[in-house]
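Now for the letters of each chain:
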Amino acid sequence: MSTTSATSDSHNCTTCPQHAACGRQEQKAPGSSPPSAMDMVKIALGLAFACAISALILGWVYMKTEPVKEKNLKAREETMIRALLGLDEGAKIFEIRRYLSMKDGRAEIGYLTPRFLIEFSDTGEKIGLNELPENLQKPSATEDEKDRFALEKMHRPDRPDARYIGRFFVGKKDGKLAGYIVEGSTLGFKNQIRFFLALESDMTVRGVEVVEHEEDPGLGAEIIQKYFKNQFVGRSSDTISHLEVVREPLPPDWRKALEAIGEIPADEWIGLHEADLAKHPNIYAITGSTISSTAVTNGVKRTMQNFQRRLALLAPYMKEALP
Amino acid sequence: MSSPSAKVLIMRGLFDENPVFRLALSLCPAVAVTTSLKNGLLLGVAVFCVQVLSSVSASVLKPFINPRIRLPLFVLIVALWVSAVDMILAAYFPAIYAQVGLYVKLIVAFAIILSRMELFASKNPIWPSTLDGIGMGLGFLLAMILTGSLRELVGSGSILGITIIPTKPLLLAVLPAGGFFTIGLIMALFNWIDLMRGKKLSSGGGAHG
């Protein structure tokens, strides 16, 4: 750049290698000369101070909003669970939380039911049964309190790596089993997709509901649409394990039938559409989103398999474990 | 330097220097979100809050800000308000947040907010900066409402989810390309109104004073 351009109004001092010659020193452009050591310290301290203040404000907002957010999420999950199982307010829903603890490379699994903490070794043997203290058996007990109790029980001094690893819900109506909700997650196109898998007591799928996902709007995000998620409804545990994702267009009449679930209760719908379910044995992928479609399908398959295994393990204790 | 009157400041943000239709800033989120009026409205309100809060903060803090680090500090201020608005929306408006949550975080990178802080709030007293923030925020909100309602009406045949036209007149309108077409057409309309009123077409950039 030549010094002749110094006369032009648009000339910018900071880009001029010989800015002493450009005659515009009176307008001290920031960054025109390196700051002194003192300035640097001041700037660094100023920035650190600004960051600290911002962190304090954000921390305060977080503390105020987080409990509300948790409550909303819980309420949303609760409505989702009831809707999936077709249960009204009168029915009871019990949460069963699962914990993993490692010792010398051997896993121990703990199941926290509303009444007991049942521990199993990795070979499936029962190695411990603890009754929950009174205050944890109340519905008001928080997840944190439950987790702390379970981890303290399982985590003897030599086991620092016990942790919560998942949960499922058991629905009961008039003292009878009304189905299960299993929480599962699967790696989607970018991030984890968290979903609920609703099962009848005979392991037929009642519904799938995506709780959290970050798929692309218009593409992978279509997994939350009825025409996709309802394709799992009515499949038995056996058919689920053989499900395949096909890249064919979804037949319009099948789509219409799938979108009716919700208006018609799922169990009635299954009864009406047995022939259709046999006619469409596979999952039709979302156009342009085969990865998301496959991710959900595999997640459902895996969740189903694991859940059946876990339920078999827990079955002998289920009756007394639930109030 | 005497500041323009309140009316001038607000009208400038709304029309003469509308962030989207005049300055052509923040087009990417504007196109991404305005597939329906509701989404556009929500992002518009969020941007409005962040713009006002950021302009006021920049104006209040300007005596303490070392000019060498003003940009990092402005970004910090925007990020602070965006995070706060994000958390508040998530807590108190979960249904809305589920729709626009992804874009609320993106407000941090909105050119219009930083540009108003740098060009106006850092040089003007608090009250004019507040008005400028309100004007620009409203301008963005207006752009979101216009684009959102037009695209929803033409693309899905509805407004706020209520069906107005039983068919979908032109599906293209709700696709990303349609967003640019819509914004371009509204821009042309703005220019045409200016020409009709005998004004010279503005070349954009944003007022400095």
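Residues numbered from 1 in each chain as written. Chains lettered and ligands numbered in written order. Predicted model: local features only at pLDDT ≥ 70, side-chain atom pairs only at ≥ 80, totals over all residues. Heavy atoms only, no water.

Attention now goes to the interface of chain B and chain A. Between chain B and chain A, the contact holds 19 residues from the first and 19 residues from the second. Per-residue buried area on chain B facing chain A is highest for Arg68, Leu80 and Met87 of chain B; these three make up 38% of the total on that side. Our enumeration of links across chain B and chain A arrives at zero salt bridges. Linking chain B to chain A there are one residue pair in polar contact (both at pLDDT 80 or more). Elements represented by at least two residues in the side of chain B that touches chain A include exactly α4 (70-92) and α5 (94-106) of chain B. (Contact = heavy atoms within 4.5 Å. Buried area = accessible area lost by both parts, 1.4 Å probe. Salt bridge = Lys/Arg side-chain N within 4 Å of Asp/Glu carboxyl O. Polar contact = N/O pair within 3.5 Å; in protein donor to acceptor, adjacent residues only side chain to side chain. Helix = DSSP H or I, 4+ residues; strand = E, 2+ residues; numbered from the N terminus.)

Turning to the nonpolar core, a few remarks are in order. Core analysis: the biggest nonpolar cluster contains 51 residues, and Phe168, Leu199, Phe232 and Trp269 of chain A have the highest contact counts within it. A per-element tally of this core places helix α9 (residues 290-321) of chain A first, with nine residues. Apart from the residues lying within four places of it in its own chain, the contact partners of Phe168 of chain A are Phe94, Glu95, Ile96, Tyr111, Ile181, Val182, Phe307, Leu314 and Met318 of chain A. Grouped together as the second largest cluster of nonpolar side chains are 41 residues, Ile43 of chain A together with Val47, Tyr103 and Ile186 of chain B included. (Core = buried A, V, L, I, M, F, W, Y, C linked by side-chain atoms within 4.5 Å. Buried < 20%, exposed > 50% of the residue type's maximum accessible area, 1.4 Å probe, protein only.)

Quick look at empty space enclosed by the protein now. Residues and elements named next belong to chain A. Summed over the entire model, instances satisfying the criterion amount to one cavity of 30 Å³ or more. Taken as a whole, the largest cavity spans an internal volume of roughly 30 Å³. Taken together, Glu95, Arg97, Leu112, Thr113, Pro114, Leu132 and Lys146 make up the full set of residues lining the largest cavity. Of the residues that constitute the lining of the largest cavity, the class distribution is three nonpolar, one polar and three charged. (1 Å grid on protein atoms, 1.4 Å probe; cavity = no way out; pocket = protein on both sides within 12 Å on 5 of 7 lines; lining within 4 Å. Points joined across faces, edges and corners; volume = space filled by probe spheres on them. Nonpolar A, V, L, I, M, F, W, Y, C, P; charged D, E, K, R; others polar.)

This part takes up the pairing of strand β5 (residues 163-173) of chain A. Residue and element names in this part refer to chain A. In terms of strand pairing, strand β1 (residues 92-103) meets β5 through nine bridges, oriented antiparallel. Of the residues in β5, the one forming a bridge with Ile96 is Phe168. With six bridges connecting them, β5 and strand β6 (residues 176-187) associate as antiparallel partners. Each residue of the ladder has a partner; that of Phe168, found in β6, is Val182. From the end of β5 to the start of β6, which pair antiparallel, there are two residues, and Asp174 there has a positive phi angle of about 50 degrees. (Pairing = 2+ DSSP bridges.)

Residue and element names in this part refer to chain A. In this model, the second largest pocket occupies a volume close to 700 Å³. If you trace the second largest pocket, you find 24 residues lining it, with Glu78, Ile93, Glu95, Pro139 and Lys146 closest to the centre. Put simply, the parts of the chain that give the lining of the second largest pocket at least two residues each are α1 (37-85), β1, α2 (134-137), α3 (143-154) and β5. Residue contributions to the lining of the second largest pocket peak at six residues, all from α1. Grouping the amino acids of the lining of the second largest pocket by side-chain chemistry returns eleven nonpolar, two polar and eleven charged.

Residues and elements named next belong to chain A. With respect to topology, eight strands assemble into an open sheet ordered β4-β3-β2-β1-β5-β6-β7-β8, the strand pairing being antiparallel. Either end of the sheet is taken by a strand with one partner, and the two such strands are β4 (126-131) and β8 (205-212). Taken pair by pair, the neighbouring strands of this sheet meet at an average axis angle of 20 degrees, ignoring direction. As judged from the seven bridges shared by β1 and strand β2 (residues 106-112), these two strands associate in the antiparallel manner. Its bridge partner being in β2, Met102 is matched across the sheet by Ala107. Each of β1, β2, β3 (116-121), β4 and β5 touches α3; the most contacted strand, β1, lies at about 35 degrees to it. (Axes fitted to C-alpha atoms, helices over the stretch in contact; angles between N-to-C directions.)

The backbone of Met203 of chain A sits at a positive phi, close to 75 degrees, despite the residue not being glycine. Examined against the element boundaries, Met203 of chain A turns out to sit in the loop between β7 (192-199) and β8. One non-glycine residue, Ser26 of chain B, lies in positive phi territory at about 55 degrees. Mapped onto the elements of the fold, Ser26 of chain B is located in the loop between α1 (6-16) and α2 (27-33).

This brings us to the pattern of salt bridges. All names here are of chain A. Applying the stated criterion across every chain yields a total of 24 salt bridges over all chains. Arg97 is the salt-bridge partner of Glu143, the closest N and O atoms lying 3.9 Å from each other. Taken together, the residues Glu143 in helix α3 and Arg97 in strand β1 connect sequence positions 46 residues apart. Judged by relative accessible area, Glu143 falls into the partly exposed class, the value being 26%. The class of Arg97 is buried, set by a relative accessible area of 3%. For the salt bridge of Arg167 with Glu143, the shortest nitrogen-to-oxygen distance reads 3.9 Å. Of the two residues, Arg167 sits in strand β5 while Glu143 sits in helix α3, which places them 24 residues apart along the sequence. Through salt bridges that share partners, Lys74, Glu77, Glu95, Arg97, Glu143, Asp147, Arg167, Glu183, Arg194 and Glu212 make up one connected network.

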